[in-house]
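# Coordinates in review
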Amino acid sequence: QSTWGNTRKSSTMLCEIAVAQDVFFAWFVMTVAAFISLMLTSGSVFYYWYWPSQVTYEKWRHKSNPKFPSPGKVRDEIIQMLKGMATATLCPALSLWLANHGRSQANCDLPGERGWGYMVLTFFVIWIGTDFWEFSYHRLGHTYNLFWSQHRHHHVFYNPSPFAVIADEFIDQFVRAAPMLIFPLIMPINMDLLFLEFALFFYCYGVYLHWGYEFDCLDAHNPIVNTSFQHYCHHAKAILYKPYHCGFFFKLWDQLFPGGIYPADQCFCAKCAQKKGERSVELWKKVEVPDYSVLLKPSFWISWKTLEGEKDDQQTQEEVFFASKKSK
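So, here is what we can say about the structure in this document. For clarity, every value in this text was computed on a predicted model and none was experimentally measured. (Residues numbered from 1 in each chain as written. Predicted model: local features only at pLDDT ≥ 70, side-chain atom pairs only at ≥ 80, totals over all residues. Heavy atoms only, no water.)

### Side note on the packing of helix H6 (residues 115–143) against helix H9 (residues 179–186)
How we decide: Inter-axis angles, ranging from 0 to 180 degrees, are taken between N-to-C directions of lines fitted to C-alpha atoms, where helices are fitted over the stretch in contact. The numbering of helices and of strands both runs from the N terminus, where a helix is a DSSP run of H or I of at least 4 residues and a strand a run of E of at least 2. Every angle not falling under 35 degrees, over 145, or within 65 to 115 is termed oblique; those three ranges are roughly parallel, roughly antiparallel and roughly perpendicular. Note on convention: the crossing is left-handed when the near helix lies turned anticlockwise from the far helix by less than a right angle, right-handed when the turn is clockwise. Whether two residues are in contact is decided by their heavy atoms: any pair within 4.5 Å suffices. Classes in brief: Ala, Val, Leu, Ile, Met, Phe, Trp, Tyr, Cys and Pro nonpolar; Asp, Glu, Lys and Arg charged; the others, Gly included, polar.
Interaxial distance between H6 and H9 falls to 11 Å at its minimum, and their mutual angle equals 130 degrees. If you check the angle between H6 and H9, you find them oblique. The interaxial crossing formed by H6 with H9 has right-handed handedness. Contact residues: Val 125, Ile 126, Gly 129, Thr 130 and Trp 133 in H6; Pro 179, Ile 182 and Phe 183 in H9. When its residues are assigned to classes, the contact of H6 with H9 shows 6 nonpolar, 2 polar and no charged.

### A closer look at a nonpolar patch on the surface
What counts is decided by this rule: Think of a patch as exposed residues, more than 30% relative accessible area, with no salt bridge, where like charges cluster within 9 Å and nonpolar side chains (Val, Leu, Ile, Met, Phe, Trp, Tyr) cluster within 5 Å. All accessibility values rest on the Shrake-Rupley procedure with a 1.4 Å probe; residue burial counts only the protein chains present in the view. Salt bridges are identified by distance alone: a Lys or Arg side-chain nitrogen within 4 Å of an Asp or Glu carboxyl oxygen. Working definition: with a 1.4 Å probe on protein chains only, accessible area under 20% of the residue-type maximum means buried, over 50% means exposed, and in between means partly exposed.
A contiguous nonpolar patch, built from Phe 28, Val 32, Phe 35, Ile 36 and Leu 40 and spanning about 480 Å² of accessible area, is present on the exposed surface. The topology assignment puts Ile 36 in helix H2 (residues 23–50). Overall, the relative accessible area of 47% leaves Ile 36 in the partly exposed class.

### Describing the environment of Ala 264
Among the secondary structure elements, Ala 264 is positioned in the loop between helix H12 (252–256) and helix H13 (270–275). For the pair Ala 264 and His 221, spaced 43 residues apart in sequence, the C-alpha separation works out to 8.4 Å.

### Digging into the pattern of salt bridges
Scanning all chains against the criterion turns up 7 salt bridges. Across the pair Asp 168 and Arg 176 runs a salt bridge whose closest N-O atoms are separated by 3.8 Å. Exposure remark for Arg 176: the relative accessible area of 11% places this residue in the buried category. When the shortest N-O distance is used, the salt bridge between Asp 219 and Lys 271 registers 2.8 Å. In this pair, Asp 219 is assigned in the loop between helix H10 (191–209) and helix H11 (228–237) and Lys 271 in helix H13, connecting sequence segments 52 residues apart. Under the relative-accessibility criterion, Asp 219 is labelled partly exposed at 25%. For Lys 271, a relative accessible area of 27% translates into the label partly exposed.

As structure tokens, this is what we get:
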């Protein structure tokens with residue numbers, strides 16, 4: 001009998017999905033749950049910080065990019081997010097299926113024979129291990145053309161909103177979600193802990209990183225933790241061969257590798273922008289906040305533009321980079 005079978009009597013939440021023998025059923029259930037979770041999390045943050053009726057000068061002066069993304073770009077983010085979501089849930093679905101067939105060390109014990117101390121330990125192993133995994137794969141996407149060909153689709157959102165957290169292509173997002181499949185294969189791990197850590201801890205921090213605004217209490221210049229400014233800087237400045245701020249939680253990984261930190265003397269965070277007078281009331285009066293209510297209209301989604309994606313009038317960072325390479 002599998003370890004999974006021995007612990008089913010104490011199973012909770014996601015573990016119950018393993019009752020199904022069909023991996024596609026597990027994937028479907030988890031995808032529906034993920035859709036609800038993502039729309040509630042990213043959607044509520046987007047409404048409070050981007051919806052015209054909610055945007056104020058006091059909020060705007062803490063915005064990394066003084067401009068707001070167009071409704072078309074936000075629509076593209078949501079479409080890409082749904083692609084990433086459907087791919088990411090394959091990993092936990094496969095983990096559940098393997099556990100149900102006794103082919104992994106996954107369990108549903110809470111806290112189990114090893115006690116709460118082991119649960120706390122596995123939380124930190126997942127946190128640190130996944131953070132380094134995310135950084136390593138992410139950096140590959142900015143240092144090798146093969147990986148950039150996948151990751152570049154995430155960088156069309158140079159002024160991201162909270163919907164851009166997992167707005168990735170299929171391969172890109174599958175690799176990012178792979179720790180949910182790998183960890184149970186190499187160590188005893190509680191499945192609810194693993195999945196909830198990804199769904200709540202990692203995704204919520206991802207929403208913060210793609211928030212587009214900055215906290216006063218968490219200064220962008222701190223030496224330890226990546227803030228929303230570092231990730232906005234990454235979207236705005238990092239391209240192929242320029243791997244600025246590829247880390248997720250910790251700045252340590254970028255500090256250990258060459259070219260990982262954007263020059264401090266060129267900082268353009270909201271706090272520095274305020275000191276330069278770039279978040280004044282006069283400039284605020286010139287800001288256009290798009291009417292995002294079109295996102296609630298079916299006709300806005302049922303069009304060729306939904307499939308093609310919105311084209312930008314200005315050159316992207318990538319186009320400028322390769323144009324400069326050709327001119328040399």
